[in-house]
Amino acid sequence: MKNYILILIFLSSALLHAQNAEAILSKVDANMTSSNRVFESSMTIQGKRNSRTITSKTYAAGNKQSFTEYLSPASEKGTKMLKLEKQLWVYSASTDRTIQLSGHMLRQSVMGSDLSYEDMMDDRKLTEVYESKVVGEEMLGDRKVYVLELTAKVADVAYYRQRIWVDTEHYVPLKQEMYAKGGKMLKQTEMKDVTKIQNRWFPLTIVYKDMLKQGDGTVFKISTIAFDQEIPSFIFTKAALKQ
């Protein structure tokens, strides 16, 4: 009888943790995802010897459509990227050519940064692609965080496992570690400058570090962002790439 009670307590505790993890992740999704967004940003690629900054403007609708135009420097100005579902096209202004990226090509670095095309394309809610569990609570700097372990529940995901540190007050991930199925850490991110925008908390600075390459990471800064905007449907067409 005593063992039976202990088993019930254990199962109840496990179920409670699972529910809490799902609730936490749902709140993260509510902050980090939207029906659409329009933002301008800079991406500073910090190499071992020097760094360079690329600016762009992006229109995104849910997790299926996005359009990015690069604004500077001159060497990248006019380059555009269009995502439709799981397809990605890149237009080069210097060659006036459009190429489609697919398969293993999506794992390539975006303009030498620590982000891959795959990173940029996958905007699905975390609750849609990962099972989650709470593995602890701790302090990250001066912020109290939940530590969650995420394991992929779908096959088409870039990272089989993640560990994320979620702010207990604002429900924004402040740190992420991404792992391959074999356990090797592939990438790490840190989220900073968390700001309240249109009734949601959102990080305006994200530092990406590809653990398999040299350099000090890539700093992605959002200068302006607006959610739930009206975006002309023409933006999400291949014709827009050459406009």
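Please refer to the structure higher up on the page.
So, here's what we can say about the structure. All residue numbers refer to position in the chain's written sequence, counted from 1. Note on the predicted model: pLDDT of at least 70 is required for a residue's local features to be given, and 80 or more for side-chain atom pairs to be given and counted; whole-chain, interface and lining totals, by contrast, use all residues. Side-chain descriptors were evaluated using all non-hydrogen atoms of the structure, hydrogens and water having been removed beforehand.

Once that is clear, we can look at the overall build of the protein chain. Strands are runs of DSSP state E lasting at least two residues, helices are runs of H or I lasting at least four, and both sets are numbered from the N terminus onward. From N to C terminus, the protein chain includes three helices and 13 strands. Taken over the C-alpha trace, the protein chain has a radius of gyration of 20 Å; the compact-globule value for 243 residues is 18 Å, and the two agree within 12%. Along the three orthogonal principal directions, the C-alpha set of the protein chain runs to about 75 × 40 × 35 Å. Relative accessible area decides the class of each residue, using a 1.4 Å probe on protein chains only: under 20% of the type maximum gives buried, over 50% gives exposed, and in between gives partly exposed. Relative to its 243 residues, the protein chain shows a buried fraction of 45%. Only C-alpha atoms enter the radius of gyration; for comparison, a globular chain is expected to reach 2.2 Å times N to the power 0.38, where N is the number of residues.

A separate point is the side chain of threonine 68. Summarising the element assignment, threonine 68 is placed in strand E3 (residues 65-72). There is a polar contact of 2.9 Å between the side chain of threonine 68 and the side chain of threonine 58. The contact rule is simple, with two residues in contact once any of their heavy atoms fall within 4.5 Å. If sequence neighbours within four positions are ignored, threonine 68 has contacts with Ser56, Lys57, Thr58, Thr79, Lys80 and Met81. The term polar contact refers here to a pair of N or O atoms within 3.5 Å; inside protein, the definition further demands a hydrogen-donor-capable atom paired with an acceptor-capable atom, and it admits residues adjacent in sequence only when both atoms are side-chain atoms.

With that settled, consider the nonpolar core. Each nonpolar core is a collection of buried residues, namely Ala, Val, Leu, Ile, Met, Phe, Trp, Tyr and Cys, held together in the definition by side-chain atoms within 4.5 Å. Within the largest apolar cluster, 50 residues are counted, with the highest numbers of intra-cluster contacts made by Tyr117, Tyr130, Leu148, Phe202 and Ile225. For this core, the leading source of residues is strand E8 (residues 143-152), giving six residues. With sequence-adjacent residues up to four places away left out, isoleucine 225 is seen in contact with Arg37, Val38, Phe39, Ile197, Gln198, Phe202 and Leu204. Ala61, Leu82, Leu84 and Ile235 belong to the second-largest nonpolar core, a separate cluster that totals 13 residues.

For the rest of this paragraph, the subject is the environment of arginine 200. Inspection of the secondary structure puts arginine 200 in strand E12 (residues 200-210). With near-sequence residues (within four places) excluded, arginine 200 lies in contact with Ala30, Asn31, Met32, Thr33, Ser34, Thr195, Phe227 and Asp228. One polar contact links the side chain of arginine 200 to the main-chain carbonyl oxygen of alanine 30, over a distance of 3.1 Å. Separated by 2.6 Å, the side chain of arginine 200 and the backbone oxygen of threonine 33 make a polar contact.

Turning our attention to the pairing of E8. With seven of ten residues buried, E8 is to be regarded as a mostly interior element. At least two bridges found by DSSP between two strands are what make those strands a pair. Here ten bridges tie strand E7 (residues 130-140) to E8, and the two strands are oriented antiparallel to one another. Across the sheet, the residue bridging to serine 132 is leucine 150, located in E8. Once E7 ends, the chain turns through two residues before running back antiparallel as E8, passing glycine 141 with a positive phi of about 65 degrees. Where E8 and strand E9 (residues 161-167) come together, seven bridges link them in antiparallel fashion. Note on E9: the bridge partner recorded for leucine 148 is isoleucine 164.

Between side chains of opposite charge, a pair can form as their charged atoms come close. In what follows, salt bridge is the name for a side-chain nitrogen of Lys or Arg lying within 4 Å of a carboxyl oxygen of Asp or Glu. Enumeration according to the criterion identifies 13 salt bridges in this entry. One salt bridge connects arginine 124 with aspartate 122, and the closest N-O pair in it is separated by 2.9 Å. For aspartate 122, a relative accessible area of 29% corresponds to the partly exposed category. Close ionic contact of arginine 163 with glutamate 149 constitutes a salt bridge, the shortest N to O distance being 2.8 Å. Placement of the pair is arginine 163 in strand E9 and glutamate 149 in strand E8, with a sequence separation of 14 residues. Taking the relative accessible area as the measure of exposure, arginine 163 reaches 28% and is therefore partly exposed. Of the residues examined, glutamate 149 reaches a relative accessible area of 9% and is grouped as buried. Linked through salt bridges whose partners overlap, the residues forming this network are Lys86, Asp122, Arg124 and Asp156.

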